[in-house]
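Given next are the chains, with one letter for each unit.
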Amino acid sequence: MKYFRPIPMTDAPRPQGAFSLAGGWCWFDRVAVLERGQPARLIAAADVPGETLARLTAPRAMIAGLTLDVPRLMGILNVTPDSFSDGGRFFDPAAAVAQARALAAGGADILDIGGESTRPGAPEVPLAEEIARTAPVIAALRAGGLTAPISIDTRKAPVAEAALAAGAQMVNDVAAFSFDPAMAALVAARGVPVCLMHAQGRPATMQAAPHYDDVLLDVYDYLAARLAVTEAAGICKSRIVLDPGLGFGKTLAHNVALLQGMALFHALGCPILLGASRKRFIGTLGQADAPQDRVAGSVAVALAGVAQGVQLLRVHDISETRQAVAVWRAVTIRGKT
Ligand code: HH2
């Protein structure tokens, strides 16, 4: 099987005959053809098979009311005692509400609220507890007039259902419907967008010995398979976001390979979400032991994602990322600021 990874470019003017990448801010006129066990080779974009080229170039539909012709920021709020970066800081509902408002005021386009840590080694949170952590915070935000879209970060249908009833309008499932099969029916019935993320293994054991034949192509195949299952469950492709799941059953080398090859995922025809913020591989590369010391490295990864046309960045540090993306766009994409 052949895989087609566009080589994203941003400098202006866009040459004649170049194609828009997903209707966004990048263009491409060359594509790397990848095959398992073979060296990559470059071809002209015009020589990519028609269906793949159509998926690579088609503008993406709005997600939760957000157009995706510019990079969008998803602000992370973990209402947990044990998340790897912000665990315990926003466990108190009043602190969570205040942080959500601060993220929105700082420029978050959408908030991602979770009540179960999925850090390596994390234990599973009982259903009732996860609902009690998340739904009241979402209800309080809506009661207080917050209008920013909210996504619920959960693997469990009852948690998603309670969050949607409280005012969320998107589901972010790090298990891509493989943990709770009832998720697909819920998302289909409610007509909400969903993010499907790749993970190898479950949080409790996923970092024990992750293994891939070819991490980029294996993750691509997994996401393609989950996309097919999700569409078969009656969920329209225009409501599906895909995420390679950095840090979920991945070594440093795996994370780096995924980031370097990120543009491949555009060939699936859906918006891409990148969640690298403050993760351990950034600490390893940037020599920063504490998650809160990984902000600059996280911003660097976010910009690397934007340079490959990634539409959604899931980050803890909204104002720093917002500023970096705004400046990067101003100095890189002439005529598109
Ligand atoms: N990463 C985390 C949680 N949810 N969802 C998506 N779609 N992509 C990600 O990369 C992702 C995610 C883990 O980060 P965080 O929420 O900060 O920590 P914890 O799981 O410890 O609460």
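First, a word on scope: everything that follows refers to the structure included in this document.

## As for the sheet that holds strand β11 (residues 240-243)
- Pairing is parallel across the open sheet formed by eight strands, whose spatial order is β11-β10-β9-β8-β7-β6-β13-β12. Each of the sheet's edge strands pairs with one partner strand only, and the pair in question is β11 and β12 (273-274).
- Two elements, strand β9 (residues 170-173) and strand β10 (residues 194-197), share three bridges in a ladder whose sense is parallel. By the bridge assignment, Asp173 is partnered in β10 with Leu196.
- Its contacts with the sheet put helix α2 (residues 93-105) on β6 (72-78) and β7 (110-114), and the angle it makes with β6 is roughly 170 degrees.

## Description of the environment of Pro59
- Considering the arrangement of structural elements, one finds Pro59 in the loop between α1 (50-57) and β6.
- Each C-alpha atom, one on Pro59 and one on Gly269, is 9.1 Å from the other, the two residues being 210 residues apart in sequence.
- Dropping the residues within four chain positions of it, Pro59 is found in contact with Ala22 and Gly23.

## Overview of the site of the ligand
- Of all residues adjacent to the ligand, which total 18 residues, the nearest are Ser83, Ser117, Thr118, Asp243 and Lys279.
- In the model, an oxygen atom of the ligand is placed 2.7 Å from a nitrogen or oxygen of the Lys279 side chain.
- Taking 480 Å² as the accessible area of the ligand by itself, protein coverage stands at 99%.
- Residues that form the shell around the ligand fall into these classes: six nonpolar, seven polar and five charged.

## Thoughts on the sheet that holds strand β5 (residues 41-44)
- Within the open sheet, the three strands sit side by side as β1-β4-β5. Their pairing is antiparallel. Edge strands, defined here as strands with exactly one partner in the open sheet, are β1 (3-6) and β5. This sheet shows a mean twist of 35 degrees between the axes of neighbouring strands, independent of strand direction.

## Some points on the side chain of Asp243
- Tracing the backbone through its elements, the reader meets Asp243 in strand β11.
- For Asp243, which is buried and forms no salt bridge, the nearest opposite charge comes from Lys279, at a distance of 6.5 Å.
- In this structure, Asp243 is in contact with Cys195, Leu196, Met197, His198, Leu223, Leu273 and Gly275, ignoring residues within four places of it in sequence.

Thresholds applied
Residues numbered from 1 in each chain as written. Predicted model: local features only at pLDDT ≥ 70, side-chain atom pairs only at ≥ 80, totals over all residues. Heavy atoms only, no water. Pairing = 2+ DSSP bridges. Helix = DSSP H or I, 4+ residues; strand = E, 2+ residues; numbered from the N terminus. Contact = heavy atoms within 4.5 Å. Axes fitted to C-alpha atoms, helices over the stretch in contact; angles between N-to-C directions. Near = heavy atom within 4 Å. Polar contact = N/O pair within 3.5 Å; in protein donor to acceptor, adjacent residues only side chain to side chain. Areas by Shrake-Rupley, 256 points an atom, 1.4 Å probe, with all protein chains shown as cover. Nonpolar A, V, L, I, M, F, W, Y, C, P; charged D, E, K, R; others polar. Buried < 20%, exposed > 50% of the residue type's maximum accessible area, 1.4 Å probe, protein only. Lys, Arg positive; Asp, Glu negative; His and termini not counted. Salt bridge = Lys/Arg side-chain N within 4 Å of Asp/Glu carboxyl O.

Purely spatial values, then, with no claim about function.
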